[in-house]
Amino acid sequence: MSAPILAVQDLCLRFGGLIATNNVSFSVKPDELHAIIGPNGAGKSTLIAQLAGDRLPDSGQILLGGADVTGLPSHARAQRGLGRSFQITSVFSEFTTLANVALAVQAGAGSSFRFWKRAAREHALVEPARAILDRVGLSHRADVPAGALAHGEKRALELGIALARRPRLLLLDEPMAGMGPEEAARMVELLAALKGSLAMVLVEHDMDAVFRLADRISVLVYGRLIATGSPEETRSNPEVRQAYLGEDE
Amino acid sequence: MLTSASRHGLATLLLLVALALLPPALNALGEPFYIGLGTRVLIFAIAAVSLDLILGYGGMVSLGHAAYLGVGAYTVGILSFYGVQNGFVHFLSAAAISALVALAIGANSVRTTGIHFIMISLAFGQMLYYLAVSVSQFGGDDGLNIDAQSAFGGLDLGDPTSLYYVSFCILVVVLFGLDRLVNSRFGMVLRAVKSNEPRVRTIGFSPYRYKLTAFVISGTICGIAGALLANQNLFISPASMHWGRSGEILIMTILGGMGTLSGAVVGSVVYISLEYFLSRLTEHWQAVMGPLIVLVVLFAGGGLVALLAGRRVAGAGSR
Ligand SMILES: Nc1ncnc2c1ncn2[C@@H]1O[C@H](COP(=O)(O)OP(=O)(O)OP(=O)(O)O)[C@@H](O)[C@H]1O
Ligand SMILES: [Mg+2]
């Protein structure tokens, strides 16, 4: 058994009287796709924000590749191999689609304190960026400003930006949110193809996608992890059925 | 058919050619007096272009940029007060001291955003203004007379045409250098910070270092404009660092079009010329200037450059 890429221990975060993260502990193996499901307001995005470093927990510990990153800011975690996509699309609207990804490639390709050479003419940035666009199906939109992309395309770009950093662990907060069925199916294929090459934490409401993709599933309810297990175990767990899956039946 | 970017480049080139031909044209028209006005335009163009780096590309709205004009000018004034006349010493010192001042101010302000940044830049600017007012040794409120222009061997900056072309060359170098910078790796990070700072962090950049570096570069360039200003006026007073002056530089940059570099030059040409000619027509010239600026901002979101180009010229070269 390989050591976990991510280990979370006793994470707690309060918003005033609300306990958004309540003693959460779980771990993710290096090639695992770990889904986190739970009803609206369960604290999934808040948990992701703490893993990414956008929000500091009140207590508890986050280990990335065995190293304690609990107090590190988000850019330092990114430099240690953490990638993330946002629930609400967050791209560089004024940049072209290609420039969005090229910037993320640049973040992992040596110093950015270079003031003279045009970044758009650096093959070392542009070629990998084109390869990523190809992978997420946006090659034909390379020169379009990201702000002008359709919603589903922006979600794909969001993933492309995260991938360009070549993360060891990717945090995906509802990558399918707001997508049409066709686009969502394409995203599922994309994630299925990525599986095994890196670890992923996937927050998603689309249960078909979750049960298709996940190696393990954790169920978050009112900030508490009530169960972690394989898709089969999760499906048949009575507590889970009652607390969450029951809503769908 | 030209692309938006190459059209923009062509327009910049035409503008620079026109500025290069201005002194002989004015001499031919028998109006050499206006060369001095042209120099003033160029000096403020350098200041406005330097502001555009942090404003149009870095998203930092500075209301204290005149401080660097003042620092650069006072450096020249104080050096010659102590008998140092060497031009290289003057300009290198002006650049170095402006850089240090920008480093100190930037280190304490670029972490803030929005209205907080505006207020902090304003506060630091006014601090320097009151410092200049209070140091009576260098004239205090009354300002400091400068005995002679910076000495550059055979080059006489006392000759209006020479000073004009020195200012012009510095402007061209600044425009070219910054055009490279804003398209470089560094420039892409800077623009990305303006566009979406949280996203920049999540791909692994710490915005602070990039913003601070841009801030220092901007302040340094503006300090050099200040050294030119001292040479033109042979006089320097706290008024040149007052926040109202910072506001004027801000207006020039916005008027011409933020995030275009050459827009700041257009803004300076228009603002300084209007100020000069309107103030000769009426003492209430600001009552005319104000509405004019409002109209441009309302009807040309991208400034005069966008108005002239007939469409928006995006800083990121993509919209
Ligand atoms: N900044 C905040 N201040 C106070 N309460 C917050 C804050 N952010 C989130 N919350 C609350 O914390 C709880 C968890 O929110 P969170 O966004 O993490 O839920 P979620 O599981 O991602 O929901 P969804 O499925 O709708 O995306 C919610 O009750 C929310 O209202
Ligand atoms: Mg959420």
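Placed above this text is the structure.
Computed from a prediction, not measured in an experiment: that's the story for all the values here.

**Student:** Report on the sheet that holds strand 10 (residues 224-229) of chain A, specifying residues and quantitative values.
**Tutor:** Residues and elements named next belong to chain A. Taking strand neighbours across the sheet as the criterion, the six strands line up as 6-7-8-3-9-10 in an open arrangement whose pairing is mixed. One side of each edge strand has no neighbouring strand; the edge strands of this open sheet are strand 6 (82-85) and strand 10. Shown here is a sheet whose adjacent strand axes are inclined to one another by a mean of 15 degrees, direction ignored. Bridge count for strand 7 (residues 169-173) against strand 8 (residues 199-203) is five bridges, and the pairing is parallel. Paired with Leu172 across the strands is Leu202, a residue of strand 8. This element, helix 1 (residues 44-52), spans strand 3 (33-37), strand 6, strand 7, strand 8 and strand 9 (216-221) of the sheet and lies at about 150 degrees to strand 6.

**Student:** An account of the coordination of the magnesium ion (ligand 2) is requested, with residue identities and associated values reported.
**Tutor:** Residue and element names in this part refer to chain A. Donor atoms from the polypeptide that coordinate the magnesium ion (ligand 2) comprise Ser45 (OG) and Gln87 (OE1), at 2.0 to 2.2 Å from the metal. Of this pair, Ser45 sits in helix 1 while Gln87 is found in the loop between strand 6 and helix 3 (97-107), placing the two residues 42 residues apart along the sequence. For Ser45, a relative accessible area of 29% gives the class partly exposed. Taking relative accessible area as the criterion, Gln87 reaches 32% and is therefore assigned partly exposed.

**Student:** Could you give an account of the interface of chain A and chain B, naming the residues involved and the relevant values?
**Tutor:** Contacts between chain A and chain B engage 39 residues on the former and 30 residues on the latter. The contact between chain A and chain B buries some 3100 Å² in all, and 60% of this surface belongs to carbon and sulfur atoms. Counting across the chain A and chain B interface gives three salt bridges. The shortest N-O distance in the salt bridge between A:Glu122 and B:Arg185 comes to 3.0 Å. Between chain A and chain B we count 18 residue pairs in polar contact (both at pLDDT 80 or more) in total. Residue classes in the side of chain A that touches chain B are distributed as 19 nonpolar, eleven polar and nine charged.

**Student:** Tell me about unusual backbone geometry, and please be specific about residues and values.
**Tutor:** Residues and elements named next belong to chain B. At Leu234, a residue that is not glycine, the phi angle is positive and equals roughly 50 degrees. Owing to a relative accessible area of 24%, Leu234 belongs among the partly exposed residues under this scheme. Residue Leu261 is not a glycine yet carries a positive backbone phi of 65 degrees. Positionally, Leu261 belongs in the loop between helix 10 (243-256) and helix 11 (262-281). The exposure class of Leu261 is buried, given its relative accessible area of 3%.

Analysis parameters
The residue numbering used here restarts from 1 in each chain and proceeds along that chain's sequence as written. Key to labels: chains lettered from A, ligands numbered from 1, both in the order written. Totals for whole chains, interfaces and linings use all residues, but because this is a predicted model, local features are given only for residues with pLDDT of at least 70 and pairs of side-chain atoms are given and counted only at 80 or more. Note that the side-chain values use all heavy atoms of the structure and ignore hydrogens as well as water. Strand pairing is assigned whenever DSSP detects at least two bridges linking the two strands. Runs of H or I in DSSP of at least four residues are treated as helices and runs of E of at least two as strands, each being numbered from the N terminus. Between the N-to-C directions of two axes lies an angle of 0 to 180 degrees, each axis being a line fitted to C-alpha atoms and, for a helix, fitted only over the stretch in contact. In what follows, a contact means two residues having at least one pair of non-hydrogen atoms within 4.5 Å. The donor set covers N, O and S atoms within 2.8 Å of the metal, switching to 3.2 Å for Na, K and Ca, and it leaves out water, so a site may look short of donors. Classification of residues uses two cut-offs on accessible area relative to the type maximum, computed with a 1.4 Å probe and protein chains only: under 20% is buried, over 50% is exposed, and between them is partly exposed. Joining two parts hides part of their accessible area as seen by a 1.4 Å probe, and the buried area is that hidden amount summed over both. One speaks of a salt bridge when a side-chain nitrogen belonging to Lys or Arg is within 4 Å of a carboxyl oxygen belonging to Asp or Glu. Any pair of N or O atoms that falls within 3.5 Å is considered a polar contact. Within protein, one atom must be able to donate a hydrogen and the other to accept it, and sequence-neighbouring residues count only if both atoms are side-chain atoms. Under this grouping Gly is polar, as are all residues other than the nonpolar Ala, Val, Leu, Ile, Met, Phe, Trp, Tyr, Cys and Pro and the charged Asp, Glu, Lys and Arg.

Coordinates in, geometry out; function isn't part of it.
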